[in-house]
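Examining the three-dimensional arrangement
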Amino acid sequence: MPPGYVSAADAAYYAGVPVGTIWRWASEGRIGKTGRGKNAAYCVWDLPKARRDEYTRELLEPGAAPPLPAGARAA
């Protein structure tokens, strides 16, 4: 996996959203993606960081959706 890229599961945890949301954001061009299928990796620098409790790591607030690129349409 290239530096700065993570799996869909890790990206979903970081952003505090379901894996399906990560897949949708990548297909819409909101976040960077490399590879295909099970080898896909997502750019962690494009992901919004979720707010979590510092002791329990419980999700307090998911990260905001990244903006759509110019000319793109939401799925």
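Placed above this text is the structure.
Quick summary incoming for the structure in this document.

Conventions we followed
Residues numbered from 1 in each chain as written. Predicted model: local features only at pLDDT ≥ 70, side-chain atom pairs only at ≥ 80, totals over all residues. Heavy atoms only, no water. Helix = DSSP H or I, 4+ residues; strand = E, 2+ residues; numbered from the N terminus. Rg over C-alpha atoms; globule rule 2.2 N^0.38 Å. Buried < 20%, exposed > 50% of the residue type's maximum accessible area, 1.4 Å probe, protein only. Contact = heavy atoms within 4.5 Å. Areas by Shrake-Rupley, 256 points an atom, 1.4 Å probe, with all protein chains shown as cover. Axes fitted to C-alpha atoms, helices over the stretch in contact; angles between N-to-C directions. Parallel < 35°, antiparallel > 145°, perpendicular 65-115°, else oblique. Nonpolar A, V, L, I, M, F, W, Y, C, P; charged D, E, K, R; others polar.

The subject of this paragraph is the overall build of the protein. Counting its secondary structure elements, the protein contains two helices and five strands. Taking 2.2 N^0.38 as the reference for a compact globule, 75 residues should give roughly 11 Å; the C-alpha atoms of the protein span a radius of gyration of 12 Å, in line with that estimate. Seen along its three principal axes, the alpha-carbon backbone of the protein occupies a region of about 40 × 25 × 20 Å. Expressed as a percentage of the 75 residues in the protein, the buried residues total 33%. For the protein, the proportion of contacts with a sequence separation of at least 24, taken over those separated by at least 6, is 52%. A total of about 5,100 Å² of accessible surface is found on the protein, and carbon and sulfur atoms cover 54% of it.

Here we come to the side chain of E28. Here E28 is to be found in helix α2 (residues 19–28). In this structure E28 comes out as buried when scored by relative accessible area, which is 7%.

What follows covers the packing of helix α1 (residues 8–15) against α2. One can describe the packing of α1 onto α2 by two numbers: an axis separation of 8 Å at closest approach and a directional angle of 100°. As judged from the angle between their axes, α1 and α2 are roughly perpendicular. The residues of α2 that touch α1, namely those facing A8, A9, A11, A12 and A15, are V19, I22, W23 and W25. Here the residues of the contact of α1 with α2 sort into nine nonpolar, no polar and no charged.

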